[in-house]
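Chain by chain, the residues run as shown.
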There are 2 protein chains.
Amino acid sequence: MNDLKWSKAEKTIARRAFDIAYERECENLAGRLKDKAGSIKEPRDLWLVHDFLSEQLKRIEQKYDFRYSVLILVFALLLKEGWLKESDLAGISEDKMEKIRYLANPKH
Amino acid sequence: MNDLKWSKAEKTIARRAFDIAYERECENLAGRLKDKAGSIKEPRDLWLVHDFLSEQLKRIEQKYDFRYSVLILVFALLLKEGWLKESDLAGISEDKMEKIRYLANPKH
């Protein structure tokens, strides 16, 4: 995967798709956080919301890694989780898309 | 302050006041958290809300210490910060209340 070459155009598309997925996931998390904050009934719920947020932010920080050496894996995960649609990656070469689809398939 | 004796009745009043202050402060924090979660505009706000919540929970954990050796200080702080009113401590001996009031006064 380290051997894949990304053209200048592909790099631009990749960056845009990466940023879109990040925005979508963060927006979704903000919504879930708002719901959880609005459902707090007792003090211990504050700690549960904090644990939830810590875990989600850690996951996001670990996942959104734009190094080209791991980008195929990152896009596969984002596709699998629904933060990206294939159309968001339109313009990425077919050999890369095949790898992304293959890794995104839950059977593999 | 370690020499103060707490009667059984005072211990009951102290525990109730302590719990009431804790509930009030946690409820207030839940409201502030809800507002902040509802005001998230961009991804980085998620991290700011997380930092805010971490700091507030740490403050609460440090502050709410029911050991009788520190309880006068704790009540003074809760009075100063408005989580307790003097009436919540009705029944606590006057010598203890004097110490609590003295320490709660911002001038000291």
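The present account deals with the structure reproduced in this document. What you are looking at is a predicted structure, and each value in this text was computed from that prediction instead of being measured. Note that residues are indexed from 1 along each chain, following the sequence as it is written. All chains are assigned letters beginning with A, and all ligands numbers beginning with 1, in the order in which they are written. In view of the model being predicted, local features appear only for residues whose pLDDT reaches at least 70, and side-chain atom pairs are presented and counted only at 80 or more, with totals across whole chains, interfaces and linings using the full set of residues. No hydrogens and no water enter the side-chain calculation; it runs on all heavy atoms of the structure.

**A look at the overall build of chain A**
So, point 1. Counting from the N terminus, the helices are DSSP H or I runs at least four residues long and the strands are E runs at least two residues long. From N to C terminus, chain A includes four helices and zero strands.
So, point 2. What you see in chain A, going N to C, is helices and strands ordered as α-α-α-α.
So, point 3. Taking 108 residues into account, the globule formula puts the C-alpha radius of gyration at 13 Å, and chain A, at 17 Å, lies well above it.
So, point 4. For chain A, the spread of C-alpha atoms along the three principal axes comes to 55 × 25 × 20 Å.
So, point 5. Summary of the burial criterion: residues with accessible area below 20% of their type's maximum are buried, those above 50% are exposed, and those between are partly exposed, where the area comes from a 1.4 Å probe applied to protein chains only. Among the 108 residues that make up chain A, the fraction classed as buried is 43%.
So, point 6. Whether two residues are in contact is decided by their heavy atoms, any of which lying within 4.5 Å being enough. In chain A, the proportion of contacts linking residues at least 24 apart, taken out of those at least 6 apart, comes to 71%.
So, point 7. All accessibility values rest on the Shrake-Rupley procedure with a 1.4 Å probe; residue burial counts only the protein chains present in the view. Taken as a whole, chain A presents about 6400 Å² of accessible surface, with 51% of it coming from carbon and sulfur.
So, point 8. Looking at charge distribution, chain A has the averaged site of its 21 positive side-chain charges lying 2 Å from that of its 19 negative ones. Each radius of gyration is computed over the set of C-alpha atoms, and the globule rule expresses the reference value as 2.2 Å times the number of residues to the power 0.38. Positive charges are assigned to Lys and Arg, negative charges to Asp and Glu, while His and the chain termini are left out of the count. The atoms used to mark charge sites are NZ of Lys, CZ of Arg, CG of Asp and CD of Glu.

**Points about helix H3 (residues 71–81) of chain A**
All names here are of chain A.
So, point 1. Among the residues of H3, Leu71, Ile72, Val74, Phe75, Ala76, Leu78 and Leu79 are the ones counted as buried.
So, point 2. Considering only its buried residues, H3 is in contact with helix H1 (8–38), helix H2 (43–63) and helix H4 (94–104).
So, point 3. Taken from the residues just after H3, Gly82 is the one with a positive phi, measuring 90°.

**Quick look at the interface of chain A and chain B**
So, point 1. Listed as interface residues are 20 residues of chain A and, on the opposing side, 20 residues of chain B.
So, point 2. When chain A packs against chain B, the two sides together hide about 1800 Å² of surface, and 81% of this comes from carbon and sulfur.
So, point 3. Any Lys or Arg side-chain nitrogen found within 4 Å of a carboxyl oxygen on Asp or Glu counts as a salt bridge. Linking chain A with chain B are zero salt bridges, by the criterion used here.
So, point 4. N or O atoms within 3.5 Å of each other form a polar contact, as long as, within protein, one can give a hydrogen and the other can take it, and as long as residues adjacent in sequence are counted only when both atoms are side-chain atoms. Counting across the chain A and chain B interface gives five residue pairs in polar contact (both at pLDDT 80 or more).
So, point 5. For the side of chain A that touches chain B, the element with the most residues is H2(A), which contributes ten residues.
So, point 6. Polarity classes work like this: nonpolar for Ala, Val, Leu, Ile, Met, Phe, Trp, Tyr, Cys and Pro, charged for Asp, Glu, Lys and Arg, and polar for all others, with Gly in that last group. For the side of chain A that touches chain B, the residue count by class is 14 nonpolar, three polar and three charged. A 1.4 Å probe defines the accessible area here, and the buried area is the portion of it lost by two parts on being joined, summed over both.

**Quick word on the nonpolar core**
So, point 1. Formed by 73 residues in total, the largest nonpolar core has its most connected members in Leu46(A), Phe75(A), Leu89(A), Leu46(B), Phe75(B) and Leu89(B).
So, point 2. Contact partners of Leu46(B), with chain neighbours within four places excluded, come to Cys26(A), Leu29(A), Ala30(A), Leu33(A), Leu53(A), Leu57(A) and Ile40(B). Residues belong to a common nonpolar core when they are buried Ala, Val, Leu, Ile, Met, Phe, Trp, Tyr or Cys residues joined through side-chain atoms within 4.5 Å.

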